[in-house]
There are 4 protein chains.
Amino acid sequence: MATDLDLAAQPRPGDLRARMRGVVESDWFTRAILGVILLNALLLGLDADVRGHADFGALISVFDSLVTGVFVLELGLKLFVFREKFFRSGWNFFDLAVVLISLVPDAGAFLVLRALRVFRVFRVFSVLPALRRVIDALLKAIPGMGAILAVLIVLFYVMAVMATTLFSSDTRAPMQEMFGSVSASAFTLFQIMTLDGWSSEVVRVVMSRHPWAWAFFIPFIVITSFAVLNLFIAVIVQSLQEEHEEHLKAVAAEEAAERAALEGPSETVPLDPDQERGALLAHVQALRAEMAQLSQALRESSLARR
Amino acid sequence: MATDLDLAAQPRPGDLRARMRGVVESDWFTRAILGVILLNALLLGLDADVRGHADFGALISVFDSLVTGVFVLELGLKLFVFREKFFRSGWNFFDLAVVLISLVPDAGAFLVLRALRVFRVFRVFSVLPALRRVIDALLKAIPGMGAILAVLIVLFYVMAVMATTLFSSDTRAPMQEMFGSVSASAFTLFQIMTLDGWSSEVVRVVMSRHPWAWAFFIPFIVITSFAVLNLFIAVIVQSLQEEHEEHLKAVAAEEAAERAALEGPSETVPLDPDQERGALLAHVQALRAEMAQLSQALRESSLARR
Amino acid sequence: MATDLDLAAQPRPGDLRARMRGVVESDWFTRAILGVILLNALLLGLDADVRGHADFGALISVFDSLVTGVFVLELGLKLFVFREKFFRSGWNFFDLAVVLISLVPDAGAFLVLRALRVFRVFRVFSVLPALRRVIDALLKAIPGMGAILAVLIVLFYVMAVMATTLFSSDTRAPMQEMFGSVSASAFTLFQIMTLDGWSSEVVRVVMSRHPWAWAFFIPFIVITSFAVLNLFIAVIVQSLQEEHEEHLKAVAAEEAAERAALEGPSETVPLDPDQERGALLAHVQALRAEMAQLSQALRESSLARR
Amino acid sequence: MATDLDLAAQPRPGDLRARMRGVVESDWFTRAILGVILLNALLLGLDADVRGHADFGALISVFDSLVTGVFVLELGLKLFVFREKFFRSGWNFFDLAVVLISLVPDAGAFLVLRALRVFRVFRVFSVLPALRRVIDALLKAIPGMGAILAVLIVLFYVMAVMATTLFSSDTRAPMQEMFGSVSASAFTLFQIMTLDGWSSEVVRVVMSRHPWAWAFFIPFIVITSFAVLNLFIAVIVQSLQEEHEEHLKAVAAEEAAERAALEGPSETVPLDPDQERGALLAHVQALRAEMAQLSQALRESSLARR
């Protein structure tokens, strides 16, 4: 009886794993970890502000090691408790990656690694379910945008190569900076797509040498704006559809419950509303057929009696 | 009989409270207050424009005291009439706060308090129901954005700390102004999120020292744009759902009325369309069952007769 | 019989009005007017480009008088044909206003009146039904935005007065230009709302003197963006609803036609789908009641026979 | 029997066309062409970056001729296989145009033609069905925007002519550059519509001479923003409608299949849900009529028996 569920509540003495599971899944444990993350966030902010104050820096360094220790302990506990199940959640991978980055020795030169330690603060996403759902929803929207994103990337690449071919022969400083290589052109085109300073900083400058340049840039602005709009519409439509489907599922479940209450054990599996309407029509058509047979039978029996 | 409703229309002589209630709730009283607010708005505007003309300033000062007096009287009346019910409406708190700010002595130094007096003009929102509804709708949309806003705030904090860590060691003036502290970095990141001058004023400047800086800023732009888009979609979907639910309620009410008209007192409570369709299917299935029994009975009776 | 319809097709000789009506409503007349408008548009464009070439200017001036003559003739004809009905369409008022502006003597000083002549080109909207529908749709969307627009205007006024009170004492040139008067402040706030150069050109400049100024401007940006978003959502929701209602009307009409075809003259007026579903449920419930009575009657007659 | 379908699988020896068709439609052929396109894209990018390195340039030139050869061969094959059917697809025209551009001799002066060769990379759209669908969807959305686009173009033209008339007499350099001709004004107005630098770069500059200029530009900003918003709403509404219609079609198909399964060969053609609900109501009304007749008949027969 104790092995009915793999890991559920076995308060046998000595079973460390089950007890640890209780700890790891308890509210106070989650809240404690959240507190450590937030305190750490605060101190990382202070550290960035007061860079240079040696005394304070040393204190922060000690606290930082402490936090890293807590995180290593926490993940170790979870690994011990959940074993191979630990790796089924992408969020656990995220936590692991964040902690591993913290363990890289903080050589003075590795400013980027030092900066990456701030990623720890993102652990609030993995700890708070409400935020985790938002991130999951954002990630889920990406595949639906795949094809339009691919079109945009191809468009960017082609336009960047064309801009480089057309404008890199111009040796003036701003032209070289903006269109000197394919990657510089791609950056400039991204700037134009965001409409930031596209006119005075880029297109008017180019047009002072190549007066026809508007014929290159204005279609680019119109097309990318339109493509990005369609990207957004795809996300909106998908989002509305999901809402609608969840609504339909909820309705179907409710109706199934209602039917069960109305007529006892139902003969049919729960239908979605559209199937149900089809079934309704089929029932009514069958009813008419039966009605016709009944009328026919009655008429015959009447005739027989007469 | 007079105490049937707490405060409704008791024209007993001497009952000051009931008579005052009549005044406070009358159209002319509301219109008079609205007139005072608009006149006050006009004069506050003039005051801001002609700062310095002493004569005019004195006149405005007198009028200002008058308006404050009117508002104090109005709120006093409402407090007297509605008593503890006064505090049930957030809009009354808003009116009270606005008037209390006006009562703070206008010492020359308190420029901010002086400026806050203009908040009185916002009282048009509490006086005009159409505008009050707009504000209520805007406020109602905020909770639905809570989780995404939290994600955005965490993202901003992490990126601001990272930007400060990475770029504050650069001692050039624009770098210090843009990324010298966590709050300066947060301001600069907000500027980048609004896409205002992100390229020439910020990212190109940073890239002149740190050529890889685009890898920090461009993902930030893409992610925050996407998150803000999803914020907007959440509001749109919520708004469409509310519209839809109001529509369903209206339809259900209409159908209930119609059924009542068609077949006298209905046996069922008004159903929403989806429940109703389920009920319809159940009725038709029951009908077929009854039809089958009827046919069976008829066949048996026919056989019996033969 | 000839006076059955007020103005319809009376080919009596001498009836000038009816014949003119035929002319005014003919396709070739509309196309000729459209041609005149487009040719005039082209020449007004050329005129703006070649200002100074005296010869060409004289030619354009002659053509301009010709076009004005054609328009006066056209409107005179329409007035003669439609009489008081002419003033029932807002588009006719628009045409009249455009032509009256052209008749004002073109004194050299009245550059603005000269510029207003270009408004004639907008007559393509009144001539082409497809474009007229777009304009009508845009105008129809405005009332639905009324309350939110009013809230935005109040917000702008209050913030403009506050900004003037707070910042106009600063005598530096950019501060005076940006916040020197309530109207200057309103213009600057409009610029900030469009997010154009809000950071480097406005807020960073103000913050160099008043470091807390971000607390004034960033909430303003967030609130106006949110209000404008809700303005747009209101338009989208309204637009989707209209689409939906038109769809429902089309469906109801179609179903009414179908029912008429299925069962001859229908007893019921066309229902909308929701009413129809209610009616269906009522029918089926009545059917079950009748079925129950029938069964009861059969059982009784069976019993009677036994 | 072999000529039953025009081109389908005739493995007769010597039938080159059928065998070639197999090749052209095979997966490996498509993948090989895709590989050539992507490799070509990479080399065109490198070529744009390393302009000047003569050795590398020669290599690229050779490869370029090779790629052109492959494309000519591919299109020749397709023309041979599909003959006149080749010209039924717009995408084939696109491929043909792209290849023909590559065949124009690359004289040093024709920088633009050289740049146009990069359009070859767009062939990934014609090769990958997922991307082709995105482009088809974007193109399909254009007609729905036609009327609003026409209104915007008329508005732009009128405002550009007016701006030129009003501001081109100002001989200062920025005014001449911005409003010196109708085309310059149109470009400047496009810049204002995108809100890029509209305030400091354009409107404040104009207002320093013509203080009333805000009355020209701010309505333009508001109206074009509103028109562009409605353009987007038109696309969103259309997109949602198409989703809805596809959904209805899928539902109707499913229901038809279900009905066919429920009651054998159906008497009715598949209905869309709204027609179906109408049909359901008609069936139930007919059922009540039949029920009434049946009751009447039963009552009469009962009476007859008594």
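No experiment lies behind these values; they were computed from the predicted model shown.

### Let's talk about the overall build of chain A
In step 1: Looking only at helices and strands, chain A has 13 helices and zero strands in total.
In step 2: Starting at the N terminus and walking to the C terminus, you meet the elements of chain A as α-α-α-α-α-α-α-α-α-α-α-α-α.
In step 3: Expressed as a percentage of contacts within chain A between residues at least 6 apart in sequence, the contacts between residues at least 24 apart total 62%.
In step 4: For chain A, the accessible area works out to roughly 15,400 Å², and carbon and sulfur atoms hold 67% of it.

### Some details on the pattern of salt bridges
All names here are of chain B.
In step 1: Within the structure shown, the criterion is met by 36 salt bridges over all chains.
In step 2: Across the salt bridge formed by Arg21 and Glu25, the nearest N and O atoms sit 3.3 Å from each other. Here Arg21 pairs with Glu25, and both are found in helix 1 (residues 16–25), just four residues apart, close to one helical turn.
In step 3: Among the salt bridges present, the one from Asp170 reaches Arg172, with a minimum N-O distance of 3.3 Å.

### Focus: unusual backbone geometry
Residue and element names in this part refer to chain C.
In step 1: For Arg83, which is not glycine, the phi dihedral falls at a positive 50°.
In step 2: In this structure, Arg83 sits in the loop between helix 3 (54–82) and helix 4 (90–103).
In step 3: On the basis of relative accessible area, Arg83 is assigned to the partly exposed category, the value being 41%.
In step 4: The residue Leu195 is not glycine, and still its phi comes out positive at about 65°.
In step 5: With respect to the secondary-structure elements, Leu195 resides in the loop between helix 10 (182–193) and helix 11 (198–207).

### A few points about a nonpolar patch on the surface
In step 1: Among the surface-exposed residues, A:Val72, A:Leu100 and A:Leu103 lie close enough to one another that they form a single nonpolar patch of about 260 Å² accessible area.
In step 2: Checked against the element boundaries, A:Leu100 lands in helix 4 (residues 90–103).

### A look at the packing of helix 11 (residues 198–207) of chain A against helix 9 (residues 182–193) of chain D
In step 1: Packing of helix 11 of chain A against helix 9 of chain D leaves a shortest axis separation of 11 Å and a crossing angle of 155°. The angle between helix 11 of chain A and helix 9 of chain D falls in the class roughly antiparallel. For helix 11 of chain A against helix 9 of chain D, the interelement crossing comes out right-handed. Every residue of helix 9 of chain D that contacts helix 11 of chain A at A:Trp198, A:Ser199, A:Val203, A:Arg204 and A:Met207 is listed here: D:Phe187, D:Thr188, D:Phe190 and D:Gln191.

### Structural notes on the side chain of D:Arg17
Residue and element names in this part refer to chain D.
In step 1: For Arg17, the location among the structural elements is in helix 1 (residues 16–25).
In step 2: Classification of Arg17 by relative accessible area gives buried; the value is 16%.
In step 3: Of note is the side chain of Arg17, whose polar atom sits 3.0 Å from the backbone oxygen of Val81.

### Looking at the environment of C:Glu243
In step 1: Turning to its location among the elements, C:Glu243 is positioned in helix 12 (residues 214–263).
In step 2: Residue class for C:Glu243 comes out partly exposed when judged on its relative accessible area of 29%.
In step 3: Beyond its immediate sequence surroundings of up to four residues, C:Glu243 is in contact with D:Val237 and D:Gln241.

### Observations regarding helix 2 (residues 27–49) of chain D
In step 1: Compared with an ideal rise of 1.5 Å per residue, which puts 23 residues at 33 Å, helix 2 of chain D spans 33 Å between its outermost C-alpha atoms and is within 8% of the ideal.
In step 2: Among all positions in helix 2 of chain D, only D:Phe29, D:Ile33, D:Leu34, D:Ile37, D:Asn40, D:Ala41, D:Leu43, D:Leu44, D:Gly45, D:Asp47 and D:Ala48 are buried.

### A closer look at the packing of aromatic side chains
Residues and elements named next belong to chain A.
In step 1: Under the counting rule described, the total for this entry stands at 60 aromatic pairs over all chains.
In step 2: These aromatic residues form a ring-pair network of at least three members: Phe167, Phe179, Trp212, Phe216 and Phe217.
In step 3: The cationic tip of Arg123 hangs over the ring face of Phe71; the distance from NZ or CZ to the ring centre is 4.7 Å.

### Quick notes on helix 8 (residues 146–167) of chain B
In step 1: The first and last C-alpha atoms of helix 8 of chain B sit 31 Å apart over 22 residues, in line with the 32 Å expected at 1.5 Å per residue.
In step 2: Burial runs high along helix 8 of chain B: 16 of the 22 residues are buried.

### Digging into the environment of D:Leu75
All names here are of chain D.
In step 1: Positionally, Leu75 belongs in helix 3 (residues 54–82).
In step 2: A relative accessible area of 3% means that Leu75 is categorised as buried.
In step 3: Residues Leu75 and Asn92, spaced 17 residues apart in sequence, show a C-alpha to C-alpha distance of 8.5 Å.
In step 4: In contact with Leu75, not counting residues within four places along its chain, are Phe86, Asp95, Leu96 and Val99.

### Some remarks on the confidence of the model for chain A
Residue and element names in this part refer to chain A.
In step 1: Per-residue confidence for chain A gives a mean pLDDT of 79; residues scoring 70 or more make up 76%.
In step 2: Per-element confidence in chain A is highest for helix 10 (residues 182–193), whose mean pLDDT is 94, and lowest for helix 13 (residues 273–305), whose mean pLDDT is 63.
In step 3: The low-confidence segment residues 1–10, where pLDDT is below 50, has eight contacts with residues more than four positions distant or belonging to other chains.
In step 4: Across the whole predicted complex the pTM is 0.78, and at the interface the ipTM reaches 0.74.

Definitions and cut-offs
- Residues numbered from 1 in each chain as written.
- Chains lettered and ligands numbered in written order.
- Predicted model: local features only at pLDDT ≥ 70, side-chain atom pairs only at ≥ 80, totals over all residues.
- Heavy atoms only, no water.
- Helix = DSSP H or I, 4+ residues; strand = E, 2+ residues; numbered from the N terminus.
- Contact = heavy atoms within 4.5 Å.
- Areas by Shrake-Rupley, 256 points an atom, 1.4 Å probe, with all protein chains shown as cover.
- Salt bridge = Lys/Arg side-chain N within 4 Å of Asp/Glu carboxyl O.
- Buried < 20%, exposed > 50% of the residue type's maximum accessible area, 1.4 Å probe, protein only.
- Patch = residues over 30% accessible without salt bridge, like charges linked within 9 Å, V, L, I, M, F, W, Y side chains within 5 Å.
- Axes fitted to C-alpha atoms, helices over the stretch in contact; angles between N-to-C directions.
- Parallel < 35°, antiparallel > 145°, perpendicular 65-115°, else oblique.
- Left-handed = near helix turned anticlockwise from the far one by under 90°.
- Polar contact = N/O pair within 3.5 Å; in protein donor to acceptor, adjacent residues only side chain to side chain.
- Expected span 1.5 Å × (residues − 1).
- Phe/Tyr/Trp six-rings, centres within 6.5 Å; stacked < 30°, edge-to-face > 60°.
- Lys NZ or Arg CZ within 6 Å of the ring centre and 35° of its normal.
- pLDDT = per-residue confidence, 0-100.

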